[in-house]
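Spelled out from the first residue to the last, the chains are:
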Amino acid sequence: MCYPTGARPPAVPPDVLAPMSGGAGGDDYVVRSADGTEFRTYLARAASGDAGVIIAPDVRGLHPFYEELTERFASAGVHAMAFDYFGRTAGTDRRGDDFEFMPHVQKTRWQSIQADITAAAEELRKKSGASRVFVLGFCMGGRVAFIAAAEQTGLAGVVGFYGRLSTREGEEGQAPIDKVPRMTAPVLGLFGGADGGIPEAEVKAFDEALTRAKLKHDFKTYRGAPHSFFDRTFTEHKSACDDAWRRVLKFMKSGNPAG
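The structure contained in this document is the topic of the report that follows. Predicted model, so just to flag it, every value in this text is computed and none were measured.

1. Structural notes on the layout of surface pockets
In step 1: Roughly 430 Å³ of volume is contained in the largest pocket.
In step 2: Lining the largest pocket are 19 residues, and of these Val 105, Thr 108, Met 140, Arg 168 and Glu 171 lie nearest its centre.
In step 3: Elements supplying a minimum of two residues to the lining of the largest pocket: helix H3 (102-105), helix H4 (110-128) and helix H5 (140-151).
In step 4: Here the residues of the lining of the largest pocket sort into nine nonpolar, five polar and five charged.
In step 5: In this model, the second largest pocket occupies a volume close to 370 Å³.

Structure representation (structure tokens):
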């Protein structure tokens, strides 16, 4: 599992909170994808601003961690909608920590996930007024976000937190590095230096491929940080979490992944 039970998103550094943001609550919305599938989303609106983000979760789908994360983005001035991967197999009900997600993960298809992102982004624009939309994801969702840079149109950018970069059996040609020639959105990648699942050589190869493609991008690897370091229960990684928040929010403000 990408996070321990009870994990919560790290707090937004006070210096980058939106002025007069107050408490930012959210609401459930069921969205319909292009194939007619309904899936659950959670939307938190910022008090103002034109930036919005679609949040692609880890393997658990729309877990409370991601609902709270949308609210943190809203408090920082970014409209945020997290969406669930499992509308086709698990329905639209809320689920707890005892949800057996792996059978549902194995039934997902990247084409369907990208179609759901398209539908969620349309709903986000409609309900929040966001005109610049980013896709941000974690672990499985980080990979989804990187791929979105190639499969979505009109994105302002993508952010991948420790998204796996390697090719998986049965998905040859579908790794993020394979999609680089078709990518059009700027890319920000955030990785843990102690994450054994994402070797430094793969990050370097992805970086070099984006450079050859002349696509704006920026990568940051946090020395000693593990997979899923972006978690307030990991107090020893607070400096990495704070830095990650600042990088992401600067990107969403400027449109430049390098800040």
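Read on, since the account is not over.
2. Concerning helix H7 (residues 200-212)
In step 1: Helix length check: H7 (13 residues) gives 18 Å between terminal C-alpha atoms against 18 Å at 1.5 Å per residue, within 8%.
In step 2: Among all positions of H7, only Val 203, Phe 206, Ala 209 and Leu 210 are buried. The buried side chains of H7 occupy one side of the element, clustering within an arc of 125 degrees when seen end-on. Opposite the buried face of H7, at more than 90 degrees from it, the exposed residues are Glu 200, Ala 201, Lys 204 and Arg 212.
In step 3: The secondary structure elements touched by the buried residues of H7 are H5, helix H6 (176-179), strand S7 (187-192) and strand S8 (217-222).

3. Observations concerning the environment of Tyr 42
In step 1: Mapped onto the fold, Tyr 42 is located in strand S2 (residues 38-44).
In step 2: When the C-alpha atoms of Tyr 42 and Ala 82 are compared, they prove to be 5.3 Å apart, with 40 residues separating the residues in sequence.
In step 3: Setting aside chain neighbours within four positions, we find Tyr 42 in contact with Gly 25, Gly 26, Asp 27, Asp 28, Leu 62, Glu 67, Thr 70, Glu 71, Ala 80, Met 81, Ala 82 and Arg 94.
In step 4: Here Gly 26 takes part through its backbone nitrogen, which lies 3.3 Å from a polar atom of the side chain of Tyr 42.

4. So, the pairing of S8
Within a regular beta strand, the side chains point alternately toward one face of the sheet and then the other, so they alternate between its two faces.
In step 1: Pairing analysis gives six bridges linking S7 to S8, with the strands arranged parallel. When the bridges of S8 are listed, Val 187 appears paired with His 217.
In step 2: With respect to chirality, the unit in which S7 leads through H7 into the neighbouring parallel S8 is right-handed.

5. Here's the deal with the pairing of S7
In step 1: The element S7 is largely enclosed, with a buried count of six among its six residues.
In step 2: Residues Val 187, Gly 189 and Phe 191 point to one face of S7 and Leu 188, Leu 190 and Gly 192 to the other, with burial holding for every one of them.
In step 3: The pairing of strand S6 (residues 157-161) with S7 spans four bridges and is classified as parallel. Considered in S7, the bridge of Val 158 is made with Val 187.

6. A few points about unusual backbone geometry
In step 1: Residue Lys 214 is not a glycine yet carries a positive backbone phi of 60 degrees.
In step 2: Its place among the elements puts Lys 214 in the loop between H7 and S8.
In step 3: The exposure class assigned to Lys 214 is exposed, which follows from its relative accessible area of 78%.

7. With respect to the nonpolar core
In step 1: The biggest cluster of nonpolar side chains holds 80 residues, and the ones touching the most others in it are Ile 55, Phe 73, Leu 136, Phe 161, Phe 229 and Phe 230.
In step 2: Broken down by element, the residue count for this core peaks at eight residues, all from helix H8 (residues 238-254).
In step 3: Apart from residues no more than four positions distant in its own chain, Phe 229 is found in contact with Phe 161, Tyr 162, Phe 191, Gly 192, Tyr 222, Phe 234, His 237, Ala 240, Cys 241 and Ala 244.

8. A closer look at H5
In step 1: Taking 1.5 Å as the rise per residue, H5 with 12 residues should run 16 Å; its terminal C-alpha atoms sit 16 Å apart, in good agreement.
In step 2: Summarising burial for H5: 11 of the 12 residues are buried, a large majority.
In step 3: Every buried residue belonging to H5 is among Met 140, Gly 141, Gly 142, Arg 143, Val 144, Ala 145, Phe 146, Ile 147, Ala 148, Ala 149 and Ala 150, and all of these are buried.

9. Observations regarding the packing of H4 against H5
In step 1: Relative to each other, H4 and H5 sit at 75 degrees, their axes nearing to 10 Å. By the criterion of interaxial angle, the relationship of H4 to H5 is roughly perpendicular. Counted together, Trp 110, Ile 113, Gln 114 and Ile 117 of H4 and Met 140, Val 144, Ile 147, Ala 148 and Glu 151 of H5 form the full contact between these two elements.
In step 2: In terms of residue class, the contact of H4 with H5 is made up of seven nonpolar, one polar and one charged.

Cut-offs applied
Throughout this description, residue numbers start from 1 for each chain and increase along the sequence as written. Local features are withheld for residues below a pLDDT of 70 in this predicted model, meaning they are given only at 70 or higher, and side-chain atom pairs are given and counted only at 80 or more; totals for whole chains, interfaces and linings count all residues. As a convention, hydrogens and water are excluded, and side-chain values are obtained from all of the structure's heavy atoms. Of the grid points, spaced at 1 Å and generated over the protein atoms alone, those admitting a 1.4 Å probe that cannot get out make up cavities, while open sets with protein on both sides within 12 Å along at least five of seven lines make up pockets; any residue with an atom within 4 Å of a point is treated as lining. Grid points are joined across faces, edges and corners, and a volume is the space filled by probe spheres set on the points. Here a helix means four or more residues in a row that DSSP labels H or I, a strand means two or more in a row labelled E, and each is numbered from the N terminus. Following the grouping adopted for this structure description, the nonpolar residues are Ala, Val, Leu, Ile, Met, Phe, Trp, Tyr, Cys and Pro, the charged ones are Asp, Glu, Lys and Arg, and the polar ones are all others, Gly among them. A helix is expected to reach a length of 1.5 Å times the quantity of its residues less one. In this scheme, a residue with accessible area under 20% of its type's maximum is buried, one over 50% is exposed, and one in between is partly exposed, where area comes from a 1.4 Å probe on protein chains only. The reported arc concerns the directions from the helix axis to the C-beta atoms and nothing else. Note on contacts: a residue pair qualifies if any of its non-hydrogen atoms lie within 4.5 Å across the two residues. Counting of polar contacts relies on pairs of N or O atoms within 3.5 Å, with two restrictions inside protein: one atom must be capable of donating a hydrogen and the other of accepting it, and residues adjacent in sequence are counted only when both atoms are side-chain atoms. Only strands joined by at least two bridges in the DSSP assignment are considered to pair. By convention, a crossover is right-handed whenever its connection, traced from the first strand over the helix to the second and viewed with the strands pointing away, goes clockwise. In this text, buried Ala, Val, Leu, Ile, Met, Phe, Trp, Tyr and Cys residues form a nonpolar core when linked through side-chain atoms within 4.5 Å. Throughout, an axis means a line fitted to C-alpha atoms (over the contacting stretch in the case of helices), and angles, computed between N-to-C directions, take values from 0 to 180 degrees. Orientation labels follow simple angle bins: below 35 degrees gives roughly parallel, above 145 gives roughly antiparallel, 65 to 115 gives roughly perpendicular, and whatever is left gives oblique.

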